[in-house]
Amino acid sequence: MSPTSFPKSDIRVLLLEGISPTAAQIFVDAGYSDIRRFEKALPPEQLAAELREAHIVGIRSRTKLDAAMVNEGRKLIAIGAFCIGTNQIDLGAAKLAGIPVFNAPYSNTRSVAELVIAEAIMLMRGIPQKSAECHRGGWSKSASGSHEIRGKTLGIVGYGHIGTQIGVMAEALGMHVIYHDIETKLALGNARNAGDLDALLAMSDIVTLHVPETPATQRMIGATQIAKMKPGAHLLNASRGTVVDIDALADALRTGHIAGAAVDVFPLEPEGNADPFVSPLCGMDNVILTPHIGGSTLEAQDNIGAEVAAKLVRYSDNGSTLSAVNFPEVTLPGHVGSHRFLHIHRNVPGVLSRINEVFSARGINIDGQYLRTDPEVGYVVIDAASDREEANRLREALAGIEGTLRTRVLY
Ligand SMILES: NC(=O)C1=CN([C@@H]2O[C@H](COP(=O)(O)OP(=O)(O)OC[C@H]3O[C@@H](n4cnc5c(N)ncnc54)[C@H](O)[C@@H]3O)[C@@H](O)[C@H]2O)C=CC1
Ligand SMILES: O=C(O)C(=O)COP(=O)(O)O
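Everything numeric here is computed off the predicted structure, so don't read it as measured data.

A. Examining the overall build of the chain more closely. Regarding its fold elements, the chain presents 13 helices and 16 strands. C-alpha atoms of the chain, sized along the principal axes, occupy 85 × 45 × 35 Å. Expressed as a percentage of its 411 residues, the buried residues of the chain come to 44%.

B. Focus on the sheet that holds strand S11 (residues 258-263). If you trace the seven strands from one edge of the open sheet to the other, you get S8-S7-S6-S9-S10-S11-S12, paired in parallel fashion. The two strands at the open ends of the sheet, each matched to only one other strand, are strand S8 (192-193) and strand S12 (287-289). Pairing analysis gives four bridges linking strand S9 (residues 206-209) to strand S10 (residues 233-237), with the strands arranged parallel. Bridge pairing in S10 places Thr208 opposite Leu236. Lying on the sheet, helix H5 (residues 109-124) is in contact with strand S6 (153-157), S9, S10, S11 and S12; it crosses S10 at an angle near 150°.

C. How the structure looks around the domain arrangement of the chain. We note that the domain assignment places domain 1 (12-107 + 298-326), domain 2 (109-289) and domain 3 (334-411) within the chain. The straight-line distance from the C-alpha centre of domain 2 to that of domain 3 is 51 Å.

D. Molecular detail of the nonpolar core. Counting 62 residues, the largest nonpolar core has Ile79, Phe82 and Val101 as its most contacted members. At seven residues, helix H11 (residues 298-318) tops the list of elements feeding residues into this core. Taken together, domain 1 (12-107 + 298-326) and domain 3 (334-411) each give at least three residues to this core, which thus spans both. Setting aside chain neighbours within four positions, we find Val101 in contact with Ile79, Ala81, Thr86, Ile89, Leu91, Ala94, Ala324, Val325 and Asn326.

E. Spotlight on the pairing of S10. Counting buried residues along S10, five of its five residues qualify, which places the element largely inside the surrounding structure. Residues of S10 alternate between two faces, with Ala233, Leu235 and Asn237 on one and His234 and Leu236 on the opposite face, all of them buried. Taken together, S9, helix H9 (residues 223-228) and S10 form a β-α-β motif whose crossover is right-handed. Pairing of S10 with S11 involves five bridges; the strand directions are parallel. Across the sheet, Leu236 pairs through a bridge with Ala262, a residue of S11. Following the chain from S10 across helix H10 (residues 246-255) to the adjacent parallel S11, one finds a crossover that is right-handed.

F. Examining the site of ligand 2 more closely. Ligand 2 sits among Arg60, Ser61, Arg62, Cys83, Ile84, Gly85, Asn108, His292, Gly295 and Ser296. Among the residues forming the shell around ligand 2, the class breakdown is two nonpolar, six polar and two charged.

G. Focus on helix H12 (residues 351-360). Every buried residue of H12 is accounted for by Val351, Ile355 and Val358. Taken around the axis of H12, the buried residues stretch over an arc of 50°, which confines them to a single face. For H12, exposure combined with an orientation more than 90 degrees from the buried face picks out Ser353, Glu357 and Ser360.

H. Region of interest: unusual backbone geometry. In the Ramachandran plot, Arg219 falls in the positive-phi region, its phi being about 50° despite a non-glycine side chain. Residue position: Arg219 is located in the loop between S9 and H9. Residue Arg219 is classed as partly exposed on the basis of its 14 C-beta neighbours within 10 Å. A positive phi angle, close to 75°, is found at Ser323, a residue other than glycine. Positionally, Ser323 belongs in the loop between H11 and strand S13 (339-346).

What counts and what doesn't
Each chain has its residues counted from 1, following the order in which its sequence is written. The naming scheme follows written order: chains are lettered A onward, ligands numbered 1 onward. The model is predicted, so local features are restricted to residues of pLDDT at least 70 and side-chain atom pairs to those at 80 or more, both for listing and for counting; the totals for chains, interfaces and linings are taken over all residues. Counting from the N terminus, the helices are DSSP H or I runs at least four residues long and the strands are E runs at least two residues long. Counting other C-beta atoms within 10 Å of a residue's C-beta gives its exposure: the residue is buried at 20 or more, exposed at 12 or fewer, and partly exposed in between, where C-beta atoms are placed from the backbone. Two strands pair under a simple rule: DSSP has to find at least two bridges between them. Contact between two residues is assigned when their C-beta atoms, built from the backbone, lie within 7 Å. Geometry is summarised by axes, namely lines fitted to C-alpha atoms with helices restricted to the contacting stretch, and by angles between N-to-C directions that run from 0 to 180 degrees. Note that the domain bounds were set by an automatic or database domain assignment. By our criterion, buried Ala, Val, Leu, Ile, Met, Phe, Trp, Tyr and Cys residues that link up through C-beta atoms within 7 Å make up a nonpolar core. With strands facing away from the observer, any crossover in which the path from the first strand over the helix to the second runs clockwise is taken as right-handed. Whether a residue is near a molecule or strand depends on its C-beta atom, generated from backbone atoms, being within 6 Å of that molecule or strand. Lys, Arg, Asp and Glu make up the charged group, whereas Ala, Val, Leu, Ile, Met, Phe, Trp, Tyr, Cys and Pro make up the nonpolar group; the residues left over, Gly among them, are polar. Here the arc refers to the set of directions running from the helix axis out to each C-beta atom.

See below:
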């Protein structure tokens, strides 16, 4: 186990929103013992208080870490998003506070893809309303409005990790797959680029959304886009609640222009399982409503727990920022026989030479140096042999350099 600038027992790891126990175990196995776990997202005041004492924080999609909240984390060295989406974090503010953010870009994608395929079949058969009727004591055995998905067209908006997997599964079930993406994507199997969103909407029997939350995807499916969908088509949204104008969708479901929908994500989601869920879609039998559980399988959560915790431990122990979503990426070897100095600073001219001066002025030889920058921040890692007191003095001198955002030394 590699020691850090202060004993691992003093490093507080805060894990929120019921992050898989696998994550806590990875920290324990790596020698960390101060681990605080909460089963749900915390209200803002409690979150701020917990963040003030935490060195590492792990969240999922519900915890909002805006700039003010990030800056509450004065001791924070890293943030883990134990999910795919990182829209709940002000990534720019975290970067300027010298805090890398890590996520799990793949681990729950299969779970979302499986759910979408299952829902597509259910919707095409009218199962949500038939099931609801049976629960109420009704019985309407009829083929009316029921279809196989074989031979139908699935339109995938956002052909990334989730969208492509859905496309492959859908083709295996005999569907025609078309997609729309803002990037050029390799079409898998017989999938075809629809050309643009409007063309996809006009051709698809089922439209499924798999874009991230960005300014461009906010309400990208509104009344105008829904009107362009085939009469009787189905809409699935397991991406982010802001992507669909939910009132416009409710209207189209009421008129029957949209035959059915499956919605996993909402513009406003309850803070916790005890809080009420309110949506204009509540009470519509032809809508499958799920509580943002697209990625919530034990398999996915276990994989995510392992993946993100391992990235956080590696950064804490070794300084590597490989696969950070907001930070210059540095992959580092071990540093046996040297202390490792981490210096995160604003990317302004002259910082590197001042860092080097700190070492040369004391006659300390640098064993290794690694540097990555982006337009806003620079991340320099220096391996140098020195005794512990000297290392502390060096760290203080590094912290005094103008433009410094954070420094750390790994012994
Ligand atoms: N419901 C749930 O529990 C889960 C929801 N998600 C959501 O699903 C989203 C997609 O996940 P992945 O496929 O893994 O992400 P990804 O990044 O692999 O794919 C997203 C795709 O959308 C495309 N895109 C971005 N902006 C676009 C636009 N304006 N128009 C068309 N295409 C656009 C990108 O180029 C990319 O190919 C995540 O960002 C997250 O918000 C992810 C996991 C679980
Ligand atoms: O991975 C994502 O982006 C998700 O939406 C899943 O979020 P969750 O971890 O289930 O809160």
